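A structural walkthrough
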Amino acid sequence: MSDTATLPSQAQVWAWQEALNRFGIRLTGSKAHQDSIDFLEQEVRRMGLAVHRDRHPFTKWEPRRWSLTVADPSKGPQSLPVAAYFPYSGTTGAEGVVAEVVPCGAAPGDFRGAAGKIALVEVSVSSLPSFLLFKKRSAMPASEDIPFWVSSPVVSSVLKRPDLERAKAAGAVGVIAVWKDLSPATVRGQYLPFTTALKDCPALWVDGPTGDRLKRLAAARAKVRMVLDAEVDAAASTDTLYAILPGSSGTESILVNTHTDGPNATEENGAVGLLAMASHFARQPVESRRRDLVFAFVTGHFQLPQFGHGHEQASTRWLHDHPELWDGKNGHKRAVAGLTIEHLGCKEWRDTDDHSTARETGRLETELVYTGNPMMDRIYLDSLAGRTKVRSITLRPVNGFHFGEGQPLFEAGIPNIALVPAPDYLCAVGDNGYLDRLDAGFMHEQVRSFIAMASRIDATPTERLGKPEPYAGFLHHLMKHSY
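Residues numbered from 1 in each chain as written. Predicted model: local features only at pLDDT ≥ 70, side-chain atom pairs only at ≥ 80, totals over all residues. Heavy atoms only, no water.

**Examining the pairing of strand β9 (residues 174-180)**
When you tally the buried positions in β9, you get seven out of seven residues, the bulk of the element. Judged by which residues are buried, β9 turns out to be covered on both faces: Gly174, Ile176, Val178 and Lys180 on one side and Val175, Ala177 and Trp179 on the other are all buried. In this sheet, β9 lies alongside strand β5 (residues 118-124) in parallel orientation, the contact comprising seven bridges. Pairing of Val121 across the sheet is with Ala177, part of β9. The pairing of β9 with strand β10 (residues 203-206) spans four bridges and is classified as parallel. When the sheet's bridge partners are listed, Ile176 is paired in β10 with Leu204. (Buried < 20%, exposed > 50% of the residue type's maximum accessible area, 1.4 Å probe, protein only. Helix = DSSP H or I, 4+ residues; strand = E, 2+ residues; numbered from the N terminus. Pairing = 2+ DSSP bridges.)

This is the structure we're talking about:
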């Protein structure tokens with residue numbers, strides 16, 4: 001299926017990465033996001049593939065300005081640092097709201113006494129036993145392992161976020177959420193949570209030191225002006241792209257998917273991997289492929305309540321809309337396997353022990369990779385051959401957790417391999433998209449591995465590819481989570 005002469009160069013892969021990053025913050029349905037989708041379509045068409053678009057109407061919430069100020073009788077208005085806005089929380093209008101701040105404890109918050117005030121809610125970073133979230137299959141190098149305790153701003157924002165609906169019902173005019181146990185550098189620009197529907201209670205995030213200052217202001221009954229001026233567009237739309245590279249069988253397919261929306265260079269750059277794969281395989285004769293390659297660039301990962309079919313991952317909508325390409329029923333193509341690419345090239349950054357700042361560790365971020373069954377695990381490991389930059393741990397989904405856009409394929413019974421690293425800066429808006437936190441050589445090697453995986457899958461008989469193993473773990477019958 002594959003001729004090494006047509007493998008994409010590192011320079012080409014990095015050029016696609018830089019091109020996407022130049023569009024800026026690609027939040028769902030924003031102009032930057034739509035422009036980047038147009039760019040992706042243009043690139044895929046250049047490779048000779050027909051590109052199809054699914055247009056999805058939705059309600060878009062887009063912030064215009066946000067700030068916190070306090071009136072100091074001796075010095076005048078003083079600005080307080082805002083780490084980030086709380087996505088889809090609400091709007092204060094351009095003038096903002098002026099009110100006293102009232103401490104409301106730890107998230108989700110106790111809002112008694114918050115009527116007419118701005119509620120201050122503390123969000124501690126969740127540390128969970130790793131066995132609840134992950135079950136290790138294998139590792140490369142073999143010494144790599146998952147720490148017993150795992151924590152993440154993303155997971156914390158899901159499990160411990162303020163309850164904005166309760167705050168609104170209690171009469172609070174706004175909420176300030178305080179990140180605890182994370183450095184100001186790590187919490188800056190975090191676009192979290194991205195799993196909530198539109199609320200009617202404006203909220204901002206601040207770092208720990210600012211939260212401490214707000215507590216002192218609350219004790220002094222000082223008033224704060226909170227501004228979160230956002231536009232709500234109920235007539236917005238955004239597009240999913242998909243393209244098909246035919247194979248010779250006419251009856252089977254391999255799905256390759258990612259999402260296109262995100263706040264920085266790595267979230268989401270999976271589209272670069274799809275471009276590289278499409279470019280490579282489009283230059284091979286049809287006879288070299290048994291199965292169709294179906295490339296899905298889906299929208300809506302950063303507004304899952306509106307895009308995920310059944311409120312799950314965004315690719316569920318695409319699967320629901322296009323059964324003819326994968327479900328094997330009534331003459332439809334049958335997807336024998338799936339490949340999901342997210343968060344390519346990440347370098348590891350971590351907080352210092354005292355949470356005063358964040359620093360590069362000098363290591364690659366761990367490649368967390370779901371493999372749907374032992375055969376898919378073997379295909380992944382074999383595809384690492386020749387790598388000089390690798391830090392992989394393969395996983396079996398456990399306790400109902402399968403993070404990322406590979407989850408819909410797994411749930412649909414398609415054996416898959418899904419790359420979903422989770423650096424602390426994954427959802428943070430940073431200078432130049434945090435492009436400096438990506439390693440071009442690492443990214444290129446990951447892309448070449450996925451090309452090798454597609455070739456190995458295509459050469460493997462369907463019966464040997466098998467089906468996904470069910471969730472492991474003792475909780476999977478009782479709970480089901482995804483983001």
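Structure's up, so let's keep going.
**Looking at the nonpolar core**
Formed by 70 residues in total, the largest nonpolar core has its most connected members in Leu214, Leu255 and Trp318. Per-element tally for this core: the top contributor is strand β11 (residues 223-245), with six residues. Discounting chain neighbours no more than four positions away, the residues touching Leu255 are Val294, Trp318, Leu319, Leu325, Trp326, Ala335, Ala337, Gly338, Leu339, Leu409 and Ile414. Formed by 55 residues, the second largest nonpolar core is a distinct cluster that contains Val13, Met277, Tyr380 and Leu438. (Core = buried A, V, L, I, M, F, W, Y, C linked by side-chain atoms within 4.5 Å. Contact = heavy atoms within 4.5 Å.)

**Here we look at the packing of aromatic side chains**
For any two aromatic rings, the description comes down to two numbers: the centre-to-centre distance and the angle of the planes. The tally for this structure, following the rule as stated, stands at 17 aromatic pairs. Considering the side-chain rings of Tyr85 and Tyr191, the 6.0 Å spacing of their centres and the 90° angle between planes classify their relative orientation as edge-to-face. With a gap of 106 residues between them, Tyr85 in strand β3 (residues 84-85) and Tyr191 in the loop between α5 (184-187) and β10 connect regions that are remote in the sequence. The pair Tyr85 / Tyr191 is uniform in exposure class, with both members buried. (Phe/Tyr/Trp six-rings, centres within 6.5 Å; stacked < 30°, edge-to-face > 60°.)

**What to know about helix α10 (residues 374-382)**
Within the span of α10, buried status applies to Met375, Met376, Asp377, Ile379, Tyr380 and Leu381. With a side-chain oxygen positioned 3.1 Å from the backbone nitrogen of Met375, the residue opening α10 is Asn373. (Polar contact = N/O pair within 3.5 Å; in protein donor to acceptor, adjacent residues only side chain to side chain.)

**Comments concerning the pairing of β10**
Neither face of β10 is left uncovered, since the one carrying Ala203 and Trp205 and the one carrying Leu204 and Val206 both have all their residues buried. Looking at chain direction, β3 and β10 are connected through two bridges and run antiparallel. The partner of Tyr85 across the bridge, within β10, is Leu204.

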